[in-house]
Amino acid sequence: MLRFLQKRTSLIKLLVPGPRLHQTIAQTAIKDIPSIKEVSIPKSDKAVGKWLLGISGMVFVAVGLGGVTRLTESGLSMVTWKLTGERMPRTQEEWLQEFTLYQQYPEYKLKNVNMTVEEFKFIFMMEYMHRMWGRAIGGFFLLPAIYFWRRGFFCARTKKSVLLLGTLIGLQGLMGWYMVKSGLEDRFQDPNDVPRVSQYRLASHLAAAFILYSLSLSKAMSLLIPNSTFVIQAKKAFNIKGLTHLTKAMVLLTAISGAFVAGLDAGLVYNSFPKMGDSWIPDDMWQFEPIQKNITENPTTVQFNHRILGISTVTLTTALWLVTRRMKLPKRAKWAINAVVAMAWTQATLGVTTLLNYVPVPLATAHQSGSLILLSFALWLSHEVRLLKYLPK
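Here the structure is a predicted model, which means the values were calculated and not measured.

Let us look at the overall build of the chain. When you go through the chain residue by residue, the secondary structure sums to 13 helices and two strands. Across the 393 residues of the chain, 42% fall into the buried class. Taking contacts inside the chain between residues at least 6 apart in sequence as the whole, the part at least 24 apart equals 78%. By element, 64% of the accessible surface of the chain is carried by carbon and sulfur atoms, the whole surface being about 22,400 Å².

The following block contains the structure:
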């Protein structure tokens, strides 16, 4: 009987897996999940990444300078353009010559007829700094690009990115002058006209700057911040990636709509929130014919659209935060999500405060720069979830 029981016990041990076998199965399952180990960054990639990060930083400053130039109404003070840059006046005689050129154009004739030479110097210097900073970006891009290319620091993919960035920088300079020319044209005949640049060209100029910034920053992060794969459930993985890309698109679209607000001075039409005057939807939103013209040329409609897009962006980023709040994500991804939602609410607060205070220069500049900061955080989040993997249900 005892021998029989010993044989049965041995048979059960053979059939039931022990702790070691359980551990082996678990290890095998973990190995099946794809993962990428963080590796050291080559010196060449570090150098190129820091260079691209520098370019994105310079573009950030250029956007801020452009905002101040527009808000101080300095953009039409320089009526000529040279590829290599204009020489700043040094003597009083040279300043008078430059002022005489400015007096021949609509902004002076219709708006600044009482301006003095000393007042002209201020707006000229603002535009001069903006233009020269743009040329400095070109130099900071070109010289290191030639060096890195010859030393073989660029892979085939990076070469394509560098060529695209160089093209965008060149086009951005040309677009800037094309925009200024629209404000110098002899198309402001009525004494009540306000000489200004075309809102379409202004929006194109700003959009190109945002795209240039996004590409340079994204490429810099891909070289300087190594990614690691992480795994979550299929549905939740789709939500994170989808909402992240949608967030970037909404931030960019809202910023472009802000350029139309700036181009038409639409921030001074209704200075109340959340209502526009006494109405949620103003009566003068669709007064232009044809009706689609209102979307980009009616200041009331332009301001209304910018409000809706801003509110939608805040709602979207908040939804992203709520969806991912209880997920087990890497720390950097969590930080990026928190940064996006915090900056979205900050940006919305800045926008409302700017509106209620009739668009003062410091607040309006902070609001414009805030849109780039928000876009930066959205790009960072996109980088962090780029290698996200999911297990099928």
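Further remarks concern the side chain of Thr 244. Counting through the fold element by element, Thr 244 comes out in helix 9 (residues 234-263). Of the residues examined, Thr 244 reaches a relative accessible area of 1% and is grouped as buried. At a separation of 2.6 Å, a polar atom in the side chain of Thr 244 contacts the main-chain carbonyl oxygen of Ile 240. Those residues within four positions of Thr 244 in sequence are excluded, and the remaining contacts are Leu 320, Ala 378, Leu 381, Ser 382 and Val 385.

Among the structural elements, Lys 121 can be located in helix 6 (residues 117-151). Reaching out from Lys 121, the side chain makes a polar contact with the side chain of Gln 92 at a distance of 3.3 Å. If we ignore the near neighbours within four places in the chain, the residues touching Lys 121 are Gln 92 and Trp 95.

Counting residues in hydrophobic clusters, the biggest one holds 68 residues, and the most contacted among them are Trp 51, Leu 52 and Phe 141. Elements with a minimum of two residues in this core: helix 3 (43-71), helix 6, helix 7 (156-184), helix 8 (199-224), helix 9, helix 11 (299-324), helix 12 (331-356) and helix 13 (361-384). For this core, the leading source of residues is helix 8, giving 11 residues. Every residue in contact with Trp 51, bar those within four places of it in the chain, is listed here: Phe 140, Phe 141, Pro 144, Ala 145, Phe 148, Phe 154 and Val 162. Membership of the second largest hydrophobic core comes to 11 residues, among which are Phe 99, Tyr 102, Tyr 108 and Tyr 128.

Tracing the sequence through the fold places Asn 239 in helix 9. The partly exposed category is assigned to Asn 239, whose relative accessible area is 32%. Here the alpha-carbon distance between Asn 239 and Val 323, two residues 84 residues apart in the chain, equals 7.8 Å.

As a further point, take the pattern of salt bridges. The tally for this structure, following the rule as stated, stands at 11 salt bridges. Salt bridges sharing common partners tie together Glu 86, Glu 127, Arg 131 and Arg 135.

Averaged over all residues, the pLDDT of the chain equals 87, while 86% of them reach at least 70. Segment residues 11-37 is flagged for pLDDT under 50; beyond a separation of four residues in sequence, or across chains, it makes nine contacts in the model.

Note that the residue after Phe 273, namely Pro 274, is joined by a cis bond; omega there is 5°. Of note, Pro 274 is situated in the loop between helix 9 and helix 10 (294-297). Cis geometry is adopted by the peptide bond preceding Pro 290, which originates at Glu 289 and carries an omega value of -5°. Structurally, the position occupied by Pro 290 is in the loop between helix 9 and helix 10. Notably, Tyr 358 is not glycine yet its phi reads approximately 60°, a positive angle. Inspection of the secondary structure puts Tyr 358 in the loop between helix 12 and helix 13. On the accessibility criterion, Tyr 358 (55% relative accessible area) is exposed. Its identity is not glycine, yet Val 359 carries a phi of approximately 55°, on the positive side. Take Val 359: it is sitting in the loop between helix 12 and helix 13.

Given a rise of 1.5 Å per residue, 29 residues ought to cover 42 Å, and the 42 Å separating the end C-alpha atoms of helix 3 matches this to within 8%. Looking one or two residues past helix 3, Glu 73 carries a phi angle of roughly 55°, positive in sign.

Procedures and definitions
- Residues numbered from 1 in each chain as written.
- Predicted model: local features only at pLDDT ≥ 70, side-chain atom pairs only at ≥ 80, totals over all residues.
- Heavy atoms only, no water.
- Helix = DSSP H or I, 4+ residues; strand = E, 2+ residues; numbered from the N terminus.
- Buried < 20%, exposed > 50% of the residue type's maximum accessible area, 1.4 Å probe, protein only.
- Contact = heavy atoms within 4.5 Å.
- Areas by Shrake-Rupley, 256 points an atom, 1.4 Å probe, with all protein chains shown as cover.
- Polar contact = N/O pair within 3.5 Å; in protein donor to acceptor, adjacent residues only side chain to side chain.
- Core = buried A, V, L, I, M, F, W, Y, C linked by side-chain atoms within 4.5 Å.
- Salt bridge = Lys/Arg side-chain N within 4 Å of Asp/Glu carboxyl O.
- pLDDT = per-residue confidence, 0-100.
- Expected span 1.5 Å × (residues − 1).

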